[in-house]
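Topology and contacts: notes
For reference, the chains in residue letters:
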Amino acid sequence: MEKKKTSTAMDNGLYITCWCIIGTLLLLVLFIKATNIQLSKYLFPCVLHSLTGLYCPGCGGTRAVAFLLHGDFLHSLVYHPFVPYAFVLCTWFMISQTIERLSKGRLRIGMHFREVFLWIALAIIIINFIVKNAALLFFQIDFMPLTHIS
């Protein structure tokens, strides 16, 4: 019974956190649209990439988010596969949890937090890091050329 309580508490915390993130992102998008500001001018370059030429485990994440927001799922996947993975997982979590909550538990389709999702995310980040740096070092293939999203 204790595990069910912990799972429910985790799901509730994630659900509330996701709504806060969604609200914050919507406000940010509205602010950017209203002021026509270009965030790319204010982002710092990756320190590891600047010093060594190698990519850090998070390199490409910002561009992956930008591509995803522009509806370009494939480029988002290439720049950083964690971003579309997290997007799909979070979207299904929010939709399924909202349906279950609105139905007052009659439709038990709510996705629940599982530790394996974190392990998969970690594996995606590590594999992405290894593949991109190996391609760069051994084959001079750069999967992340500087691209500006319009």
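Residues numbered from 1 in each chain as written. Predicted model: local features only at pLDDT ≥ 70, side-chain atom pairs only at ≥ 80, totals over all residues. Heavy atoms only, no water.

1. Some remarks on the overall build of the protein
Our working definition: For helices the rule is a DSSP run of H or I covering at least 4 residues; for strands it is a run of E covering at least 2, with both sets numbered from the N terminus onward. Buried, partly exposed and exposed residues are distinguished by accessible area as a fraction of the type maximum, computed with a 1.4 Å probe on protein chains only: under 20%, between the cut-offs, and over 50%, respectively. Any two residues whose heavy atoms approach within 4.5 Å are treated as being in contact. Reported accessibility uses the Shrake-Rupley method at a 1.4 Å probe radius. Residues are deemed covered only where the shown protein chains occlude them. Positive charges are assigned to Lys and Arg, negative charges to Asp and Glu, while His and the chain termini are left out of the count. Each charge is placed at NZ for Lys, CZ for Arg, CG for Asp and CD for Glu.
Each helix and strand counted, the protein has six helices and zero strands in total. Walking the protein from its N terminus toward its C terminus, one meets helices and strands in the order α-α-α-α-α-α. For the protein, the C-alpha atoms occupy an extent of roughly 55 × 40 × 25 Å along the three principal directions. In the protein, buried positions account for 23% of the 150 residues. Relative to all contacts within the protein whose residues are 6 or more apart in sequence, the contacts with residues 24 or more apart total 53%. When the accessible surface of the protein is summed, it comes to about 10900 Å², and 75% of that surface belongs to carbon and sulfur atoms. Of the charged side chains in the protein, 12 are positive and 6 negative; the average position of the first set lies 7 Å away from that of the second.

2. Re the pattern of salt bridges
Keep this limit in mind: Think of a salt bridge as a Lys or Arg side-chain nitrogen and an Asp or Glu carboxyl oxygen that are within 4 Å of each other.
Under the criterion given, the structure shown has one salt bridge. Among the ionic pairs, Glu-100 bridges to Arg-108, the shortest N-O distance being 3.3 Å.

3. A closer look at the environment of Ala-64
Inspection of the secondary structure assignment puts Ala-64 in helix H3 (residues 61–69). Taking the C-alpha atoms as reference points, Ala-64 and Phe-31, 33 residues apart in sequence, are found 20 Å from one another. In this structure, Ala-64 is in contact with Ser-76, Tyr-79, His-80 and Val-83, ignoring residues within four places of it in sequence.

4. Points about unusual backbone geometry
For Asn-36, which is not glycine, the phi torsion reads 55° and is therefore positive. Within the secondary structure, Asn-36 is located in the loop between helix H1 (2–35) and helix H2 (47–52). Accessibility expressed as a relative area gives 69% for Asn-36, which makes it exposed. With a phi angle near 55°, Lys-104 is a residue other than glycine that sits in the positive phi range. Note on Lys-104: relative accessible area 71%, which makes it exposed.

5. Section: H3
As a reminder, the rule being used: What the arc describes is the spread of directions from the helix axis to the C-beta atoms.
Along H3, the residues that are buried comprise Gly-61, Arg-63, Ala-64, Phe-67 and Leu-68. Buried residues of H3 fall within an arc of 160° about the axis and therefore sit on the same side. Facing away from the buried side of H3 by over 90 degrees, the exposed positions are Thr-62 and Leu-69. Each element contacted by the buried residues of H3 is listed here: helix H4 (73–79) and helix H5 (82–102). The positive-phi residue at the C-terminal boundary of H3 is Gly-71, with phi of around 80°.

6. Some words on the nonpolar core
Selection rule: Throughout, nonpolar core names a set of buried Ala, Val, Leu, Ile, Met, Phe, Trp, Tyr and Cys residues whose side chains join them through atoms within 4.5 Å.
In this structure, Tyr-55, Cys-56, Cys-59, Ala-64, Phe-67, Leu-68, Tyr-79, Val-83, Leu-136 and Met-144 together form the largest nonpolar core, which totals 10 residues. Element by element, the count of residues in this core is highest for H3, at three residues. Not counting residues up to four positions away in its chain, the partners in contact with Cys-56 are Cys-46, Leu-48 and Phe-129. Counting residues in each nonpolar core, the second largest holds five residues, with Cys-18, Phe-93, Met-94 and Met-111 among its members.

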